[in-house]
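Reading the structure
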There are 2 protein chains.
Amino acid sequence: MEQVDEESSQSVSKKATKKEAAKQEKLRRRQEAALASAASSLAIEEEEDPLAANYGNVPLYELQSKEESNLSDWTRVEELTEGLKDKEVLIRGRAQTTRAVGKNMAFVVVRQKGFTVQCVVTAQPELVSRQMVKFVAGLSRESIVDVQGLVSVPSVPIKGTTQQVEVQVRKLHCISKALPTLPINIEDAARSEKEIEEALQAGEQLVRVNQDTRLNYRVLDMRTPANQGIFHIQHEVGSIFRKFLESEGFQEIHTPKLIAGASEGGSAVFKLDYKGQAACLAQSPQLHKQMAICGDKERVFVVGPVFRAEDSYTHRHLCEFVGLDAEMEIKKHYSEVMDIIDRLFVTMFDHLNDKCKKELDAVRRQYPFEPLKYLRKTLRLRFEEGVQMLKDAGVEIDPYGDLNTESERKLGQLVLEKYGTEFYILHRYPLAVRPFYTMPCYDDAKYSNSFDVFIRGEEIISGAQRVHVPEFLEERAKACGIDVNTLTTYIDSFRYGAPPHGGFGVGLERVVMLFCGLNNIRKTSLFPRDPLRLAP
Amino acid sequence: MEQVDEESSQSVSKKATKKEAAKQEKLRRRQEAALASAASSLAIEEEEDPLAANYGNVPLYELQSKEESNLSDWTRVEELTEGLKDKEVLIRGRAQTTRAVGKNMAFVVVRQKGFTVQCVVTAQPELVSRQMVKFVAGLSRESIVDVQGLVSVPSVPIKGTTQQVEVQVRKLHCISKALPTLPINIEDAARSEKEIEEALQAGEQLVRVNQDTRLNYRVLDMRTPANQGIFHIQHEVGSIFRKFLESEGFQEIHTPKLIAGASEGGSAVFKLDYKGQAACLAQSPQLHKQMAICGDKERVFVVGPVFRAEDSYTHRHLCEFVGLDAEMEIKKHYSEVMDIIDRLFVTMFDHLNDKCKKELDAVRRQYPFEPLKYLRKTLRLRFEEGVQMLKDAGVEIDPYGDLNTESERKLGQLVLEKYGTEFYILHRYPLAVRPFYTMPCYDDAKYSNSFDVFIRGEEIISGAQRVHVPEFLEERAKACGIDVNTLTTYIDSFRYGAPPHGGFGVGLERVVMLFCGLNNIRKTSLFPRDPLRLAP
């Protein structure tokens, strides 16, 4: 264990999970009973109601592809604006909240992918029965409903919904019922720390959903506006990564995750039996992406899972994460690689700020953060300069050692103060702290043609020029204490003519976490894997 | 073992590998001796040559990022056209072939990413020495060279190069030396069966490089025009898949490959120890992509490795391949999913035919194939209709069983004859042959809302509407003999309101293989993994 996360530790999490499970089981039994009784009482009402066809639970067989669909019949919640006034619309979404006002009126807020609209059910002859009002008022939260009705524009602004129109409901059918009591309420899961604290000061104790509970019920947790935003941003980061590199002549390759022997040596690997052969899960696509360069692919990228069996239980380590990797021929200098990174990330940050405003706002409402400060031309600092800045600030530091998390953060602060950026490249790292395949500097073999890239004082990228000369690569592997025999195929790849080359690897979850100023990488992984978590 | 591949069987492959290794070791020793003696003789000549700076082997320190690069100094081989006549250019590429004509002249064909240009070295006072001619003529094939020279336009067409200009060489430096004798020659690896057979009829025996040898030396094999084409096309298929789905409102998610318990049951899984917990590698992103739908992602796709520990050694099975998966809410009918597939693949095929002409031609030259026949609107055939067509053709078949490889091929033929397409959808499969989470048909529970998609008589896609009702899902799992306790988290995901949904999974390597009419999936996987192969 490298560092214990603030929000949870092993014992707490295990206990919580057991208790949670018992609680859930009880809940479920109670809910099943409730559902059964609700259904039977409903059945009676339906029989008595001549308008019963306008509402109710849709039976399964109706949802088994009974009819061909006409998608143009449907309107999206986000499309519901004043322009549709008096038009009849059909929407599908979740019953986020329901509220009855007497026996003749009910409100249901319907949510579709983060957009919400207020739907009004008013009892009126020939159209809407009181039974229908009761049915709507009794819908369990998060149930999926089809609503048909007329768009109306109220004279006063509507609070608590994204859309400023209402739907006057004519028909409402429940497609899928949620349990009456959910393990976590979306409302609770969407609450910011600030709201909880302010309520506490006013004497009210609101529910705080902890990170482990969120992950145990990720399908619910995912529905909060912040999480919809986070995973939209994650999608965009991957999309921009690929599109930018494609526009620079890179092509995607797929490297095997099942390999014989450890992929880079060093940290722990997951081992498995492969048809009687000893195998492990690749810790990175490093060796294979370099082999693709030797195979004349010239510029490649790889997007895929990487596996680390490390015992790190920190805010920024996962046992499985998404690696965004690139490798390219270089003509002269590893700055060619840094040039790509520079333009790639400035393009990406610009795009996120420009095209994901709504998503960033949604994240910010729950987890406040300042927009990332970055320069049009990314700052490049030599490792030696970084060490000097730290020394000048009174930090004791080994000039040929690696930076620890603390000094990385400190340097991030110093760089921000001096250069006004939270995104920068630190290059020419000491050779001793880099992998064996890293090319040493031409003028000082204690340093290497390598770099790390930082956002808000935390590392998101490592990269370097690689050794492309097989004899020298062998020498370097031996010097690093690696058994050269385990690397034969890899090293042999460079014996058939190998261009000078370099590349880098990015952690997708870290980019999203740090761009959004989040405090835990588990917030940016849909189904995270850490030493304690293998589910859901 | 399901079916033995024509090109290799276990015993042959193992023997070949051992023999190959011994041969290689011998070769290497001889080559090292040769290189050493060549280097020493060269050293003498260099001392005597006043023009020695114009050629030679570039020492390592010059390639360790000594100078910043100016990329605009460089011209790409594919850019070398008549317009550059008399201009000085600098190119980097591989010495594909060299040829001396007496002592005063040498030719070297330089290749860069499939494009080739002839470079001419002519001894002339003050410019090019005879030693330089000798150096160039002695370059080992596949070495990387930097060539500086003037573009000239010969009066007769140049055979055997893609570019119709020559470079009159002024300087030529070797950046990376290839071994003098390569384990496979690119020329041999690039040869078509037809060429080999025609030569044989003319009494000449040419080298045929078998599939296993190719894969053992993939970094060399990758350099053939056909393979450059194949992996370019693979890149495009992935790129179109994502871009098309993005344009339809799908977002990318990343699902964990490390999971507790088997992902779908059924076929064999790779098992491993996860920090003391029993774990396995996901056989598909099925369960997690459905959970993302329950988490309001609405439309998602996943691109990533899937793992199958099956003992199938066929032309179309791999133990690790790239899955292109999608999942989406459906309003009414699984035809909504088939609509997406229809437009996605027609878009993809159009794009490949339009934008990858050169690559397809390169593949076709080595592995002849006919362009895929497909309709503007993809044919949809009911399983029952397919069965009837087979019966009418005299094939005995169980109407509630699955199709085997043979009947799939046969049906492909019949469909081609009747409808003129090699790409079609077969839907409403018998329920019994589909996974437990498949939604049965509303009108006949012996059939299901599912489909397979075929190219040239082979399956590339499976898809279906899924069961979104938790109680029914439990029932179906039990009916399929699956322990429901292993699926708790998955089934619980549907208890909090779940929209009707469906999706599909595509095998990337299969799409490329079948679009290009190739006979082995190992040809479309960069580093394939099958029961016998875990390297390179």
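About the cut-offs
Residues numbered from 1 in each chain as written. Chains lettered and ligands numbered in written order. Predicted model: local features only at pLDDT ≥ 70, side-chain atom pairs only at ≥ 80, totals over all residues. Heavy atoms only, no water. Helix = DSSP H or I, 4+ residues; strand = E, 2+ residues; numbered from the N terminus. Buried < 20%, exposed > 50% of the residue type's maximum accessible area, 1.4 Å probe, protein only. Contact = heavy atoms within 4.5 Å. Areas by Shrake-Rupley, 256 points an atom, 1.4 Å probe, with all protein chains shown as cover. Pairing = 2+ DSSP bridges. Axes fitted to C-alpha atoms, helices over the stretch in contact; angles between N-to-C directions. Parallel < 35°, antiparallel > 145°, perpendicular 65-115°, else oblique. Left-handed = near helix turned anticlockwise from the far one by under 90°. Nonpolar A, V, L, I, M, F, W, Y, C, P; charged D, E, K, R; others polar. Buried area = accessible area lost by both parts, 1.4 Å probe. Salt bridge = Lys/Arg side-chain N within 4 Å of Asp/Glu carboxyl O. Disulfide = S-S within 2.5 Å. Phe/Tyr/Trp six-rings, centres within 6.5 Å; stacked < 30°, edge-to-face > 60°. Lys NZ or Arg CZ within 6 Å of the ring centre and 35° of its normal. pLDDT = per-residue confidence, 0-100. Polar contact = N/O pair within 3.5 Å; in protein donor to acceptor, adjacent residues only side chain to side chain.

**Quick look at the overall build of chain A**
- A tally of helices and strands in chain A yields 15 helices and 17 strands.
- For chain A, the proportion of its 536 residues judged to be buried stands at 58%.
- Taking the contacts inside chain A whose residues are at least 6 apart along the sequence as the reference set, 70% of them involve residues at least 24 apart.
- By element, 50% of the accessible surface of chain A is carried by carbon and sulfur atoms, the whole surface being about 21600 Å².

**Things to note about the pairing of strand β5 (residues 144-152) of chain A**
Residues and elements named next belong to chain A.
- Of all the nine residues making up β5, seven are buried; the element is thus mostly covered by neighbouring parts of the structure.
- As paired elements, strand β2 (residues 88-101) and β5 share seven bridges and run antiparallel to each other. By the bridge assignment, Gly93 is partnered in β5 with Val145.
- As paired elements, β5 and strand β6 (residues 166-176) share nine bridges and run antiparallel to each other. Paired with Gly149 across the two strands is Val169, which belongs to β6.

**What about the packing of helix α7 (residues 225-247) of chain B against helix α15 (residues 508-515) of chain B?**
All names here are of chain B.
- At their nearest, the axes of α7 and α15 sit 10 Å apart, and the two run at 125 degrees to each other. The angle between the axes of α7 and α15 places the two elements in the oblique class. Here α7 and α15 pass one another in a crossing that is right-handed. Counted together, Ile230, Ile233, Gln234, Val237 and Gly238 of α7 and Leu508, Glu509, Val511 and Val512 of α15 form the full contact between these two elements.
- Taken together, the residues of the contact of α7 with α15 sort by class into six nonpolar, two polar and one charged.

**Overview of the environment of Val219(B)**
- By secondary structure assignment, the location of Val219(B) is in helix α6 (residues 218-221).
- The class of Val219(B) is buried, set by a relative accessible area of 5%.
- Taking the C-alpha atoms as reference points, Val219(B) and Arg299(B), separated by 80 residues in sequence, lie 38 Å from one another.
- Beyond its immediate sequence surroundings of up to four residues, Val219(B) is in contact with Met291(A), Cys294(A), Gly295(A), Ser493(A) and Tyr496(A).

**Overview of the interface of chain A and chain B**
- Listed per partner, the contact involves 114 residues of chain A and 114 residues of chain B.
- When the two sides are added together, the surface that chain A and chain B hide from each other amounts to roughly 10300 Å², 56% of it contributed by carbon and sulfur.
- Of all residues in chain A, Lys331(A), Tyr496(A) and Leu534(A) give up the largest surface area on contact with chain B, accounting jointly for 8% of the area buried on that side.
- Linking chain A with chain B are 14 salt bridges, by the criterion used here.
- Here Arg242(B) makes a salt bridge to Glu252(A), at a shortest N to O gap of 2.5 Å.

**Comments concerning the sheet that holds strand β11 (residues 299-307) of chain A**
Residues and elements named next belong to chain A.
- Spatially, the eight strands line up as an open sheet ordered β7-β11-β12-β17-β16-β15-β14-β13, and their pairing is mixed. In the strand order of this sheet, the two ends are held by β7 (251-252) and β13 (379-382), each with one partner.
- Pairing between β7 and β11: two bridges, direction parallel. Within the sheet, the bridge partner assigned to Gln251 lies in β11 and is Val300.
- Those strands touched by helix α8 (residues 286-294) are β11, β12 (320-329) and β17 (501-507), and its axis lies near 25 degrees from that of β12.
- The strands touched by helix α11 (residues 383-392) are β13 and β14 (423-427); relative to β13, the strand with the most contacts, the crossing angle is about 80 degrees.

**Section: the sheet that holds strand β14 (residues 423-427) of chain B**
All names here are of chain B.
- Reading across from one edge, β7-β11-β12-β17-β16-β15-β14-β13 is the order of the eight strands in this open sheet, with mixed pairing throughout. In the strand order of this sheet, the two ends are held by β7 (251-252) and β13 (379-382), each with one partner.
- Inspection of the sheet shows strand β11 (residues 299-307) paired to strand β12 (residues 320-329) by nine bridges, in the antiparallel sense. When the bridges of β12 are listed, Phe307 appears paired with Glu320.

**Observations concerning the state of the cysteines**
- Scanning the entire structure with this criterion turns up zero disulfides over all chains.
- Cys319(A) carries a free sulfur, and the closest cysteine sulfur to it, the one in Cys280(A), is 15 Å from it.

**Some thoughts on the packing of aromatic side chains**
All names here are of chain A.
- Across all of its chains, the model carries 28 aromatic pairs over all chains by this definition.
- Taken together through their ring pairs, the aromatic side chains of Phe345, Phe349, Tyr374, Phe423 and Phe515 make up a single cluster.
- In this arrangement the basic side chain of Arg434 is found over the ring face of Tyr429, its NZ or CZ atom lying 4.5 Å from the centre.

**Some words on the confidence of the model for chain A**
Residues and elements named next belong to chain A.
- When the pLDDT values of chain A are averaged, the result is 92; 90% of them are 70 or greater.
- Considering only residues more than four positions removed or in separate chains, one finds that residues 1-16, a stretch of pLDDT under 50, has 24 contacts.
- Segment residues 40-46 is flagged for pLDDT under 50; beyond a separation of four residues in sequence, or across chains, it makes six contacts in the model.
- The ipTM value of the predicted complex is 0.91, and its pTM value is 0.91.

**Topic: the pattern of salt bridges**
All names here are of chain A.
- Scanning the entire structure with this criterion turns up 84 salt bridges over all chains.
- Arg380 serves as the salt-bridge partner of Asp342, at 3.9 Å between the closest nitrogen and oxygen. Remark: Arg380 occurs in strand β13 and Asp342 occurs in helix α9 (residues 335-355); sequence separation between them is 38 residues.
- What makes Asp342 buried here is its relative accessible area of 4%.
- Arg495 is paired through a salt bridge with Glu474; the nearest N and O atoms lie 3.2 Å apart. With Arg495 in the loop between α14 (488-492) and β17 and Glu474 in helix α13 (residues 470-479), this pair connects stretches of sequence that are 21 residues apart.
- On the basis of relative accessibility, which here comes to 9%, the residue Arg495 falls in the buried class.

**Notes on the environment of Glu68(B)**
- You can see Glu68(B) is positioned in the loop between β1 (55-57) and β2 (88-101).
- For Glu68(B), a relative accessible area of 54% gives the class exposed.
- When residues no more than four places from it in sequence are discounted, the contact partners of Glu68(B) are Lys332(A), His333(A) and Ser335(A).
- Looking at Glu68(B), its side chain comes within polar contact range of the side chain of Ser335(A), at 2.9 Å.

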